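# Survey of secondary and tertiary structure
Each chain, letter by letter, is given below.
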Amino acid sequence: MDKLLLASIHDVGPRFESEVDRLVDLLGRVVGEARFAMLVVPDHWGLAPLGEAAAFRARLRGWAAQGVEMFVHGWYHKDSIEFTGAQHAGLTSFKARHLTAGEGEFLGLDEAEAARRMAAGRALIEDAIGTATAGFIAPAWLYGPGALAALAASGFPLAEDHMKVWDPRSGAVLARGPVVTWASRSIPRQLSSLGVAAVARAAFHGLRVARIAVHPGDTTVPALLDSIGRTCASFARRRPAARYADLHSA
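This section reports on the structure supplied with the text. In this text the structure is predicted, and so the values were computed from the model without any measurement. (Residues numbered from 1 in each chain as written. Predicted model: local features only at pLDDT ≥ 70, side-chain atom pairs only at ≥ 80, totals over all residues. Heavy atoms only, no water.)

### So, helix α6 (residues 145-152)
Think of an α-helix as 3.6 residues a turn; residues three or four steps apart then line up on the same face. Taken together, the buried positions of α6 are occupied by G146, A147, A150 and L151. Looking down the long axis of α6, one finds its buried residues gathered within 130° of arc, a one-sided arrangement. Buried positions along α6 lie against α5 (111-129), β4 (135-136), β5 (159-160) and β6 (164-166). (Buried < 20%, exposed > 50% of the residue type's maximum accessible area, 1.4 Å probe, protein only. Helix = DSSP H or I, 4+ residues; strand = E, 2+ residues; numbered from the N terminus. Arc of directions from axis to C-beta. Contact = heavy atoms within 4.5 Å.)

Here you go:
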């Protein structure tokens, strides 16, 4: 079975248009034009409603026409009482504090609200791109029980978290292995992610599916951009960049 590379740009929306452009250029040079996915946020932090950004919706349609896969990536990408109405406890509280900077929007939503946001995001993005979305990926790759239940009933063909890609309709796991990503919000996190990427370039080539995810904040740190370029190139020399949808036939 052939080995594949999946690359994705997270947090795509009008709030980060210039940063997304830089990441599109970087990935396009290394893995191939439009050989990556975009994770689109309908209204990032309530500050950038896609529904009011006609020019950016047109850009999404153009990228989709070129072959970029478009995923629904939450709705607000923000986890707080204001945006979710949820208060966390136990393991969920630990995940909310330590695995993301307050952006695990779908950790505490109940099934009904998670389903509503998934459906609304899907309708908005599909109207923008003129075709079906590729799937749903929760902000920060974090899902609570309500989100998982809603996702299973949603009809989305693909989802992913830190360690796997799966088909929510059947529950079938399509790929396993950690996603390589970078963190820009503090020096210790930057250094840690640079170290993990270096390990990945040496040790992850045995994975059947290698996954790389980049974020707008990565563009603010030259060392991260250099690491992203080298890591993508390291995998791209050994395997083709593929589409997430290819996992259904791999």
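Structure's up, so let's keep going.
### Section: the sheet that holds strand β9 (residues 209-214)
The six strands lie next to each other as β4-β3-β2-β1-β9-β8, forming an open sheet whose pairing is parallel. The two strands at the open ends of the sheet, each matched to only one other strand, are β4 and β8 (179-181). The pairing of strand β1 (residues 4-12) with β9 spans six bridges and is classified as parallel. Bridging across to β9, S8 finds its partner in A213. Running at roughly 170° to β1, helix α1 (residues 17-31) makes contact with β1, β2 (37-40) and β9 of the sheet. (Pairing = 2+ DSSP bridges. Axes fitted to C-alpha atoms, helices over the stretch in contact; angles between N-to-C directions.)

### Focus: the environment of I228
Residue position: I228 is located in helix α8 (residues 222-236). Overall, the relative accessible area of 0% leaves I228 in the buried class. Separated by 161 residues in the primary sequence, I228 and G67 have C-alpha atoms spaced 22 Å apart. Beyond its immediate stretch of four places on either side in the chain, I228 contacts L26, W182, V214 and D218.

### Thoughts on the sheet that holds β5
Read from one edge of the open sheet, three strands run β5-β6-β7, paired in antiparallel fashion. Across the chains shown, the open sheet's two edge strands, defined by having one partner strand only, are β5 and β7 (173-176). In the sheet, β6 pairs with β7 via three bridges, with the strands oriented antiparallel. Looking across to β7, one finds that K164 is bridged to R176.

### Looking at the packing of aromatic side chains
All told, the structure shown has six aromatic pairs when counted by the stated rule. Here the aromatic rings of F56 and W63 are separated by 6.1 Å at their centres, their planes lie at 70°, and the arrangement is edge-to-face. Ring geometry for Y143 and W166: centres 5.5 Å apart, planes at 65°, overall edge-to-face. Remark: W166 occurs in strand β6 and Y143 occurs in the loop between β4 and α6; sequence separation between them is 23 residues. (Phe/Tyr/Trp six-rings, centres within 6.5 Å; stacked < 30°, edge-to-face > 60°.)

### Regarding the pattern of salt bridges
A complete count under the given rule lists ten salt bridges for this structure. Across the pair E113 and R117 runs a salt bridge, and its minimum N-O distance is 2.7 Å. Of this pair, E113 and R117 are both found in helix α5, four residues apart, which corresponds to roughly one turn of the helix. When salt bridges with common partners are traced through the structure, they connect E105, E113, R116 and R117 into a single cluster. (Salt bridge = Lys/Arg side-chain N within 4 Å of Asp/Glu carboxyl O.)

### With respect to the side chain of R201
In this fold, R201 is placed in helix α7 (residues 187-203). Of the side chains bearing the opposite charge, D226 lies closest to the buried R201, which forms no salt bridge; the N-O distance is 6.9 Å. Once residues within four sequence positions are removed from consideration, R201 is found in contact with S227, R230, T231 and S234. (Lys, Arg positive; Asp, Glu negative; His and termini not counted.)

### Focus on unusual backbone geometry
Unlike most non-glycine residues, A34 shows phi in positive territory, near 65°. Residue placement: A34 occurs in the loop between α1 and β2. Residue A34 is classed as buried on the basis of its relative accessible area, which comes to 7%. Although it is not a glycine, A140 sits at a positive phi angle of roughly 60°. Looking at the element boundaries, A140 is found in the loop between β4 and α6.

### A look at the pairing of β2
With burial as the criterion, each face of β2 is covered, one bearing A37 and L39 and the other bearing M38 and V40. As defined by bridge partners, β1 adjoins β2 across three bridges and the pair is classed as parallel. Of the residues in β2, the one forming a bridge with S8 is A37. In this fold, β1 hands off to α1, which returns the chain to β2; that crossover is right-handed. In this sheet, strand β3 (residues 69-72) lies alongside β2 in parallel orientation, the contact comprising four bridges. Paired with A37 across the bridge in β3 is E69. Note on the crossover from β2 through helix α2 (residues 54-66) to β3: the handedness is right-handed. (Right-handed = clockwise from strand over helix to strand, strands pointing away.)

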